[in-house]
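# Examining the three-dimensional arrangement
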Amino acid sequence: MNNPLLSTAALPAFASIKPEHIAPAIEQLLSESRAALALATSDATTADYDALSASLGVATERFGASWGAVSHLNAVANTPELREAYNAALPAVTEFFTELGADEALYAKYKAIAAAPGAASLSAPRQQALKLWLRDFVLSGAELQGEAKARFAAIQERSAELGQQFSEHVLDATDGYAYYASTEEMAGVPADAISAALEAAKAEGKEGHKLTLHFPCYLPVMQYASKRDLRARLYRAYVTRASELGDKPELDNSAIIEELLRLRHEEAALLGFANFAEAAMVAKMADSPTQVLDFLRDLSSRARPFAEKDLAELREFAAKELDLSDLQPWDTAYASEKLKEARYAFSDQEVRQYFTVPRVLAGLFDIIERLFNVKISEQPAEVWHESVKFYQLVRDGALVGQFYLDLYARNGKRPGAWMDEVRSRWARPDGAQQTPVAQLVCNFSSPTADKPALLSHDDVTTLFHEFGHGLHHLLTQVDELGVSGISGVEWDAVELPSQFMENFCWEWEVIQKLTSHVDTDEALPRELFDKMTAAKNFQSGLQTLRQIEFSVFDMRLHAETGSEAAVQALLDQVRAEVAVMAAPAFNRSQHSFSHIFAGGYSAGYYSYKWAELLSADAWSAFEVEGVFNAACGQRYLQNVLEVGGSRPAMESFKAFRGREPNIDALLRHQGMA
Ligand SMILES: [Zn+2]
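Overview of the structure.

With that out of the way, let us pick up unusual backbone geometry. Phi at Ala242 takes a positive value of approximately 55 degrees, unusual for a residue other than glycine. Of note, Ala242 is situated in the loop between helix H9 (228–239) and helix H10 (254–270). A positive phi angle, close to 60 degrees, is found at Asp323, a residue other than glycine. With respect to the element layout, Asp323 can be found in the loop between helix H12 (289–321) and helix H13 (329–344).

As structure tokens, this is what we get:
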């Protein structure tokens, strides 16, 4: 069998990969990687950085890239057959990487390299990569012996399974729900959402409008449906997904949450940490859980008066104008949208007409080209869905990187937006220069037969955000695998480049380039932009507290041993402390909190706020010097993007900004100064 997963081509053959390729490919790549590990750790291989890269580095990079292609397809083109093959292979893959990360002989080899006389003359990126490898070895249990070591490995494997089950449950609960609404029930919902729901019902031979919990369907209903019962019905279905209150008991994530937390605390204890959060801090820019909680509580107390004012205004408006005297959580998006319309006299729907996907992409590419001195062009490549596009970045005639762009929501595709690595920049041991390749995935509404896809301003911001991650990965000039691009960057600093990019979406100069009305071709009028800007910080107090609620919940859940026994009680406590509006007793948002239970953000959700502080402060340099200031762009490129994880994020920030970060720009940008 000609197996595309064993191809050595630079790009994965996405369209050719079939579920039946997975088992044989993984088996072969596993055995090759095992052989490479045996060779690398044998006496025949000297304790030398290059020697290790040439044997083990090459084999595991190939294995990782192949498995990455499988994981990617599992996330964006899920089928029952693919899922089965993926799940069948997952334990062995996890087991290998767990063992690799805790292999005593390999650990000894790395220690020997670090202790050798030549270590001091290794390049700075190599020294940093080595330091991170040694750190990760310790965190992966390399110092553990006997029973503790075996238990640690078992915990890793089980946790990976549980994380996978958690996200499958969320996906299935999201995909599995449908409500067929009558024409009367759809009152207030925008025309494009209505016709999409009609088409979806028709495709199944059903009457009415098919409403689902996918965001492009769920959100417009919550924002615009004037029928309160319909909003309440969808809200309840949404916030009980994958919980004991959902309609499918087999998708309940309760037991998974408990077991995951118990395992995480046990894992931390094995490593000698007081709790999981302490262990998680080792690879962070922040120093300790206490420092993080202090930061969150400081921000919370500054935001609280603004949030209270936001809520009081909303309640007053809802009672007076919408006849909603007892504002409920399923009313807030609806009432907020109406208040925003009343106050700023524009709707998201109106704004969407100006942001067509072709225009937004052209504008975004122009910014990247001007600031970072590259040229972007579309190229042919094998993809997994007809709507996916592929691009390359070139500088002075040389290839810098390439990326796939998968913009639209569909069944079998995980919700949300993300950037993922396909290949990383690497000066390969055979002398070849590997350039980075990225995945950029969103879940926007598709184009229709006669109109291009339209984006809300939020969608545009999301797109810029993911491109921020993409540029961090693609523009790196570091040649060492462990520290090129986003590799090796502290978790809580990873969102700096992504949130930084969001700022462009609020600049008039930029907006003019990003917009062209779908029917009239006119750019967004200045008057509408001024209203959007005035509305930008609409309810920023409430939004800040919402993020702080998630962040404090996540941090306390992982910093307090025994938390698995009382997850709901802890969440209730956090809500009582942070939120200004009570959540209904049936709200089980933790059951679909994939970030912390299936996404690597455990004891790290605060990173969004932390990095917002960094990115707001970085952006303030562009505010002073000019949005398209090439010199400022170059300084940002060289000091932040290009260096990747080759030095601590704090050093990179200081190199760019000339000082330590402070909170002023964040508060000012959000109207809370
Ligand atoms: Zn992000």
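Quick look at the coordination of the zinc ion now. Every protein donor of the zinc ion is accounted for by His465 (NE2), His469 (NE2), Glu495 (OE) and Glu495 (OE), and the metal-donor separations fall at 2.1 to 2.7 Å. Bound by four donor atoms, the zinc ion shows angles of 52 to 139 degrees at the metal and therefore irregular coordination geometry. Mapped onto the polypeptide sequence, the residues donating to the zinc ion form the spacing pattern H-x3-H-x25-E. With His465 in helix H16 (residues 457–474) and Glu495 in the loop between H16 and helix H17 (496–502), this residue pair connects regions lying 30 residues apart in the sequence. You can call Glu495 buried: its relative accessible area is 2%.

Here the structure, examined in full by the defined rule, presents three cavities of 30 Å³ or more. Taken as a whole, the largest cavity encloses approximately 90 Å³ of empty space. The wall of the largest cavity is formed by 13 residues, among which Val489, Val640, Gly644, Ala649 and Ser652 lie closest to the centre. In terms of residue count, helix H25 (residues 649–657) provides more of the lining of the largest cavity than any other element does, three residues in total. Residue classes in the lining of the largest cavity are distributed as eight nonpolar, three polar and two charged. By volume, the second largest cavity amounts to about 60 Å³. What lines the second largest cavity is simply Pro12, Phe14, Gly64, Ala65, Gly68, Ala69, His72, Asp420, Glu421, Val422 and Gln439. Of all the elements in the fold, those that place two or more residues in the lining of the second largest cavity are helix H2 (49–76) and strand S6 (418–423). Here the lining of the second largest cavity gets five residues from one element, more than from any other, and that element is H2. For the lining of the second largest cavity, the residue count by class is five nonpolar, four polar and two charged.

With that settled, consider the layout of surface pockets. Space left empty within the atom packing is revealed by a probe, the size of a water molecule, rolled over the atoms. If you add up the space inside the second largest pocket, you get close to 440 Å³. The wall of the second largest pocket is formed by 27 residues, among which Ser7, Thr8, Ala9, Ala10 and Arg423 lie closest to the centre. Breaking the lining of the second largest pocket down by element, the ones donating at least two residues are H2, strand S5 (398–408), S6 and strand S8 (433–434). Of the residues assigned to the lining of the second largest pocket, the class counts are 16 nonpolar, seven polar and four charged.

For the pair H12 and helix H20 (residues 540–559), interaxial distance at closest approach is 8 Å and the crossing angle is 150 degrees. When the interaxial angle is binned, H12 and H20 end up roughly antiparallel. Crossing of H12 over H20 shows left-handed handedness.

Okay, the pattern of salt bridges next. Note that side chains of opposite charge can pair when their charged atoms are close. Counted according to the given criterion, the structure contains 40 salt bridges. Residue Glu204 is joined to Lys206 by a salt bridge in which the shortest nitrogen-to-oxygen separation is 4.0 Å. Judged by its relative accessible area of 37%, Glu204 is partly exposed. Since its relative accessible area comes to 43%, Lys206 is described here as partly exposed. Each of Arg228, Arg231, Asp326 and Asp331 takes part in a single network of salt bridges with overlapping partners.

What follows deals with helix H7 (residues 191–203). In an α-helix, one turn spans 3.6 residues; hence positions three or four apart end up facing the same way. For H7, which comprises 13 residues, the first-to-last C-alpha distance of 18 Å matches the rise-based estimate of 18 Å (1.5 Å per residue) to within 8%. Buried within H7 we find Ala193, Ala197 and Ala201. In a view along the axis of H7, the buried residues occupy a sector of 70 degrees, so they form one face of it. Exposed and facing more than 90 degrees away from the buried side of H7 are Ala191, Glu199, Lys202 and Ala203. Those residues of H7 that are buried lie in contact with strand S1 (179–181), strand S2 (209–211) and helix H8 (215–224). Just downstream of H7, Gly205 is the residue with a positive phi angle, here 70 degrees.

Let us look at the sheet that holds strand S4 (residues 389–395). In spatial order, the strands read S3-S4-S5-S9-S6; together these five strands make up an open sheet with mixed pairing. Edge positions in the open sheet fall to strand S3 (375–378) and S6, since each of these has one partner strand only. On average, each strand axis in the sheet is inclined to that of its neighbour by 25 degrees, with strand direction left out of account. Summarising the sheet, S5 and strand S9 (residues 437–444) pair through six bridges and their orientation is parallel. Bridged to Gln402 within S9 is Val437. H2 rests against S5, S6 and S9 of the sheet, and its axis sits at about 145 degrees to S6. Sheet strands in contact with helix H15 (residues 357–372) are S3, S4 and S5, and its direction is about 155 degrees off that of S5.

Criteria and cut-off values
Residues numbered from 1 in each chain as written. Predicted model: local features only at pLDDT ≥ 70, side-chain atom pairs only at ≥ 80, totals over all residues. Heavy atoms only, no water. Helix = DSSP H or I, 4+ residues; strand = E, 2+ residues; numbered from the N terminus. Donors = N, O, S within 2.8 Å, 3.2 Å for Na, K, Ca; no water. Tetrahedral: all angles 85-135°; square planar, octahedral: opposite > 155°, others 65-115°. Buried < 20%, exposed > 50% of the residue type's maximum accessible area, 1.4 Å probe, protein only. 1 Å grid on protein atoms, 1.4 Å probe; cavity = no way out; pocket = protein on both sides within 12 Å on 5 of 7 lines; lining within 4 Å. Points joined across faces, edges and corners; volume = space filled by probe spheres on them. Nonpolar A, V, L, I, M, F, W, Y, C, P; charged D, E, K, R; others polar. Axes fitted to C-alpha atoms, helices over the stretch in contact; angles between N-to-C directions. Parallel < 35°, antiparallel > 145°, perpendicular 65-115°, else oblique. Left-handed = near helix turned anticlockwise from the far one by under 90°. Salt bridge = Lys/Arg side-chain N within 4 Å of Asp/Glu carboxyl O. Expected span 1.5 Å × (residues − 1). Arc of directions from axis to C-beta. Contact = heavy atoms within 4.5 Å. Pairing = 2+ DSSP bridges.

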